[in-house]
Every structure is written in structure tokens, then in C-alpha cells.
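# Structure at a glance
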Amino acid sequence: MQKLSEQPLVRHAVARFDQLPKRDQRALQVLGLALAVFLVYFLVWRPAAAYHEQAISSREAATELLRWMRENRGEIQALAASGGGDAASSGISGTRDLMSTVTRSAEQTGLALQRFEPSGEGQMRVWLEDADFNQVARWLETLSAEYGIVIDQAAVDRNDQPGLVSVRLTLTTG
């Protein structure tokens, strides 16, 4: 605190404050107090209160999920025992099946894959050029809903023509 009061800018401000009439000094003190309260409220209290509300919501959601899981314990265990993932139930067992399913469904949707290649076990990369965005979105939804194939990574670039995109995807079995 001693070093702060030795600063020329601080000394100058204190000297100017001392030269003000008592009424102006009091007004500045009240304004400073109001500013301090404002800062404490908006920088400390409101964020803390928002975090508290979020924590309560998260706890309630977790409690509801736990209740649901306890109610459906038998069904969950049966699914786990049967390997109940979407990919397993759709018959996709490896990269070769994944590539076959993706290329077949793209053809059925009317999309022409520019390029595709395996990308590790149960993954593949796909490139589409000048594809209709809505058609690509429907195709990806079909892959997810019917085959359990999900997007691991995606890059979508718009083209000069409205509605057309170039897409690079890494798809994986769920």
C-alpha cells in the first residue's frame, strides 16, 4: 500500500481530491462506494448465483437420470448383455462393412462420394463435392438412425452456388 501512495499519478489524484470542496469529496466517495457495490454485484454475486443455479439444475438432471436408470435397470442390463449398441444391432462389424454401408446408402440417397478411405478400425473418411446440403443432412441422419454410424469429425464448406457444399467427414460405428 505504501508503494501505491508513492506513485506520481496516485499522489496527483489525492492532491486534486483534497482541493475539492467537502461536498464534492462526499459525492465522489458516495459514487466510489456505489461503483464498488456495482462491481461486486456484477463481477462476483451474479456469476456466483448463476453458477449456483446451474449446479442445482445439473444436480436435478443427474438425480432424474439416476431415478430413470434405477427404474430401467433390467432393460439396461439386458441391452448391455446383448451388445445393444446401434452398430452391433445393424450388423456393422468392421471397417469393410462400414464402407459398404456408407457407399450403398450414399448411392441410395443420390449422393456421389468423391473419395472415401478407411481411417482405422471401424472408421472411414468421406469426401463429397458440390453436394446439396439438405441431402447430405438427410443422409447423415439416416446413417445415424438406421445404422448407428456417427460423425467423428466434419468440415463443411459452402460453395458459390446457394445450397451446395463440400464436405469432409470421418464416420465411425457408434
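Here is what the cut-offs are and how they apply
Residues numbered from 1 in each chain as written. Predicted model: local features only at pLDDT ≥ 70, side-chain atom pairs only at ≥ 80, totals over all residues. Heavy atoms only, no water. Patch = residues over 30% accessible without salt bridge, like charges linked within 9 Å, V, L, I, M, F, W, Y side chains within 5 Å. Areas by Shrake-Rupley, 256 points an atom, 1.4 Å probe, with all protein chains shown as cover. Salt bridge = Lys/Arg side-chain N within 4 Å of Asp/Glu carboxyl O. Helix = DSSP H or I, 4+ residues; strand = E, 2+ residues; numbered from the N terminus. Buried < 20%, exposed > 50% of the residue type's maximum accessible area, 1.4 Å probe, protein only. Domains from an automatic or database assignment. Pairing = 2+ DSSP bridges. Axes fitted to C-alpha atoms, helices over the stretch in contact; angles between N-to-C directions. Contact = heavy atoms within 4.5 Å.

## Some thoughts on a nonpolar patch on the surface
Side chains of Leu 35, Phe 38, Leu 39, Val 40, Tyr 41, Phe 42, Leu 43, Val 44 and Trp 45 sit close together on the surface and give an oily, nonpolar patch of about 940 Å² of accessible area. Here Phe 42 is to be found in helix 3 (residues 22-71). Classification of Phe 42 by relative accessible area gives partly exposed; the value is 36%.

## Brief notes about the domain arrangement of the protein
The domain architecture assigned to the protein consists of domain 1 (8-82) and domain 2 (95-173). Placing the centre of domain 1 and that of domain 2 at their C-alpha centroids yields a distance of 43 Å.

## Quick look at the pairing of strand 4 (residues 164-173)
For strand 4, the tally of buried residues reaches eight of 10 residues, placing the bulk of the element in the interior. Relative to strand 4, strand 3 (residues 149-158) is paired through nine bridges, and the arrangement is antiparallel. Looking at strand 4, one finds that Ile 149 is bridged to Thr 173.

## Quick look at the sheet that holds strand 1 (residues 115-118)
In spatial order, the strands read 1-2-4-3; together these four strands make up an open sheet with antiparallel pairing. One side of each edge strand has no neighbouring strand; the edge strands of this open sheet are strand 1 and strand 3. Ignoring strand direction, the axes of neighbouring strands in this sheet form an average angle of 15 degrees. Across eight bridges, the pairing between strand 2 (residues 123-132) and strand 4 is antiparallel. Along strand 4, the bridge assignment pairs Val 126 with Leu 169. Its contacts with the sheet place helix 6 (residues 95-109) against strand 1, strand 2, strand 3 and strand 4, and it is angled at close to 15 degrees to strand 2. With respect to the sheet, helix 7 (residues 133-147) is in contact with strand 2, strand 3 and strand 4, its orientation differing from that of strand 2 by roughly 150 degrees.

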